[in-house]
Amino acid sequence: MAAETAPLLLSGGVDQRPRHVAIIMDGNGRWATERGWPRLVGHRRGAERVKQIVRACPDLGVNWLTVYAFSTENWKRSTEEVLGLMKIFRRYIQYEAEGMAAEGVRLRFIGGRDRLDGKLRALMSSIEARTAGNTRLNLTVAINYGGRDELTRASARLAQKIARGEIETPTDADLAACLDTAGHPDPDLVIRTSGETRTSNFLPWQAAYAEYEFTPTLWPDFTPDHLAQILDRFGMRDRRFGGV
């Protein structure tokens with residue numbers, strides 16, 4: 001059951017609910033290792049936790065959720081762990097497609113797809129098309145994603161547009177339109193679990209004015225109640241975006 005929370009209000013009574021929450025889901029392997037289990041057990045438990053958080057978000061007033069599932073740097077992990085993670089991604093997409101469609105979740109992916117296997121790419125494209133009309137929650141999963149890689153690819157797209165004469169003097173908006181997240185609102189809040197305090201190359205352009213919350217809770221232990229408490233704290237922040 002989704003956690004309940006009161007409306008998040010500023011002192012003037014203005015709703016301060018974050019529209020878009022992004023999460024660096026860290027600590028799966030550590031969670032398993034602490035229990036003497038293989039790291040992949042933690043990743044499977046982490047995938048189960050994603051389902052719970054996704055279901056809770058609409059009731060908490062979150063319209064957009066972006067989760068960091070696999071970074072461009074994660075290829076450095078053991079072959080066994082990488083292959084196991086890819087299998088988890090395939091199973092998650094296959095078995096959650098029906099539920100997401102029924103619950104009004106629109107699922108999209110960001111990150112370079114060229115290094116992913118063909119079956120996974122086909123599943124990703126299929127569920128994106130199937131859920132394209134859903135509006136209850138926009139879920140974005142970052143797979144083979146790295147902020148610097150995204151900016152490099154976006155810069156190349158922008159350069160091509162300039163070369164074709166489509167753009168004369170490029171602006172911030174022109175580059176943003178070339179990002180994987182084109183058309184997505186920027187995140188209001190970025191959460192990282194597991195106690196680490198790095199951003200790890202996650203949404204560097206989009207999160208320029210996001211609020212950050214670092215929690216020691218490992219991702220498999222991160223519940224909708226934890227999310228509700230963080231949203232409450234977000235409501236107490238004074239966001240000025242460079243103003244006074």
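Starting from 1, residues in each chain are numbered consecutively following that chain's sequence as written. In keeping with the model being predicted, local features are shown solely for residues with a pLDDT of at least 70 and side-chain atom pairs are shown and tallied solely at 80 or more, while totals for entire chains, interfaces and linings include all residues. Where side-chain values are given, they derive from all heavy atoms of the structure, hydrogens and water being excluded.

As named in an unreviewed UniProt entry, the protein chain is Isoprenyl transferase, taken from Paracoccus lichenicola. UniProt, in the comment section headed Subunit (unreviewed entry), describes the protein chain in these words: "Homodimer." Listed in UniProt under the heading Sequence similarities (unreviewed entry), the comment for the protein chain reads: "Belongs to the UPP synthase family." UniProt positions are given in the numbering used here, feature names are shortened, and annotations may be inferred rather than shown by experiment.

(A) Up close: the side chain of threonine 217. Its place among the elements puts threonine 217 in the loop between strand E6 (211–214) and helix H7 (224–234). Relative accessible area serves as the criterion here: at 17%, threonine 217 is assigned to the buried category. Here a residue-residue contact requires only that any non-hydrogen atoms of the pair lie within 4.5 Å. In this structure, threonine 217 is in contact with Thr193, Ser194, Phe222 and His226, ignoring residues within four places of it in sequence. Only runs of H or I of at least four residues qualify as helices and only runs of E of at least two qualify as strands under DSSP, and these elements are numbered from the N terminus. Burial status follows relative accessibility: with a 1.4 Å probe on protein chains alone, a residue under 20% of its type maximum counts as buried, one over 50% as exposed, and anything between as partly exposed.

(B) Structural context of the UniProt feature "binding site: Mg(2+)" (unreviewed entry) in the protein chain. In the numbering used here, UniProt assigns the "binding site: Mg(2+)" (unreviewed entry) feature to Asp26 and Glu211. Residue placement: aspartate 26 occurs in the loop between strand E1 (20–24) and helix H1 (28–34). Once residues lying within four places of it in the same chain are set aside, the contact partners of aspartate 26 are Arg192, Thr193, Ser194, Glu196, Leu218 and Trp219. At a separation of 2.9 Å, a polar atom in the side chain of aspartate 26 contacts the side chain of arginine 192. Here glutamate 211 shows up in strand E6. Residue glutamate 211 is classed as buried on the basis of its relative accessible area, which comes to 18%. We call two N or O atoms a polar contact when they sit within 3.5 Å, provided that within protein one can donate a hydrogen and the other can accept it, with sequence-adjacent residues counted only if both atoms are side-chain atoms.

(C) The arrangement of the pairing of strand E2 (residues 64–71) in detail. The buried fraction of E2 amounts to 7 of the 8 residues, a majority that puts the element mostly inside the structure. Any two strands with at least two DSSP bridges between them are considered paired. For E1 and E2, the ladder comprises 5 bridges, and the chain directions are parallel. Pairing of isoleucine 23 across the sheet is with valine 67, part of E2. For E2 and strand E4 (residues 137–145), the ladder comprises 7 bridges, and the chain directions are parallel. When the sheet's bridge partners are listed, valine 67 is paired in E4 with valine 141.

(D) Structural view of unusual backbone geometry. Backbone geometry places serine 194, a non-glycine residue, at a positive phi of 90 degrees. Within the secondary structure layout, serine 194 lies in the loop between strand E5 (189–192) and E6. For serine 194, a relative accessible area of 6% gives the class buried. Even without glycine at this site, serine 200 takes up a positive phi of about 50 degrees. Checked against the element boundaries, serine 200 lands in the loop between E5 and E6.

(E) Layout of the packing of helix H2 (residues 39–56) against helix H3 (residues 79–103). Orientation is described by lines fitted to C-alpha atoms, with helices fitted over the stretch in contact, and by angles between N-to-C directions that extend from 0 to 180 degrees. Contact geometry for H2 and H3: axes closest at 10 Å, N-to-C directions at 20 degrees. It follows from the interaxial angle that H2 and H3 lie roughly parallel. Remark: the crossing between H2 and H3 carries right-handed chirality. Contacts between H2 and H3 involve Arg39, Leu40, His43, Arg44, Ala47, Val50, Lys51 and Arg55 from the former and Glu80, Glu81, Gly84, Leu85, Ile88, Tyr92, Glu96 and Glu103 from the latter. Looking at the contact of H2 with H3 residue by residue, the class counts come to 6 nonpolar, 2 polar and 8 charged. Each angle receives one of four descriptions, namely roughly parallel if under 35 degrees, roughly antiparallel if over 145, roughly perpendicular if within 65 to 115, and oblique otherwise. Handedness of a crossing follows from how the near helix is turned relative to the far one, being left-handed for an anticlockwise turn of less than a right angle and right-handed for a clockwise one. We call Asp, Glu, Lys and Arg charged. Ala, Val, Leu, Ile, Met, Phe, Trp, Tyr, Cys and Pro are nonpolar, and the rest, Gly among them, are polar.

(F) Broad picture of H2. For H2, spanning 18 residues, the distance from its first C-alpha to its last is 26 Å, which sits close to the expected 26 Å at 1.5 Å a residue. Those residues of H2 lying buried are Leu40, Gly42, His43, Gly46, Ala47, Arg49, Val50, Lys51, Ile53, Val54 and Ala56. Take the residue count of a helix, subtract one, and multiply by 1.5 Å to get its expected span.

(G) Main features of the sheet that holds E4. Read across the open sheet, the 6 strands follow the order E3-E4-E2-E1-E5-E6; overall the sheet is parallel. Single-partner strands in this sheet number two, and they are strand E3 (105–110) and E6. Taking each pair of neighbouring strands and ignoring which way they run, the sheet shows an average axis angle of 20 degrees. Relative to E6, E5 runs parallel, the two sharing 4 bridges. Residue isoleucine 191 lies in a different strand from E6, and its bridge partner there is glutamate 213.

(H) Spotlight on helix H4 (residues 118–130). For H4, spanning 13 residues, the distance from its first C-alpha to its last is 18 Å, which sits close to the expected 18 Å at 1.5 Å a residue. Regarding H4, the residues found buried are Leu120, Leu123, Met124, Ile127 and Glu128. Buried residues in H4, looked at end-on, bunch into an arc of 130 degrees, giving them a common side. Exposed and oriented more than 90 degrees from the buried face of H4 are Lys119 and Ala129. Summarising the contacts, the buried residues of H4 are in contact with H3 and E3. Two or three places before lysine 119, at the start of H4, stands the capping residue aspartate 117, its side-chain oxygen 3.0 Å from that residue's backbone nitrogen. Arc definition: directions from the helix axis to the C-beta atoms.

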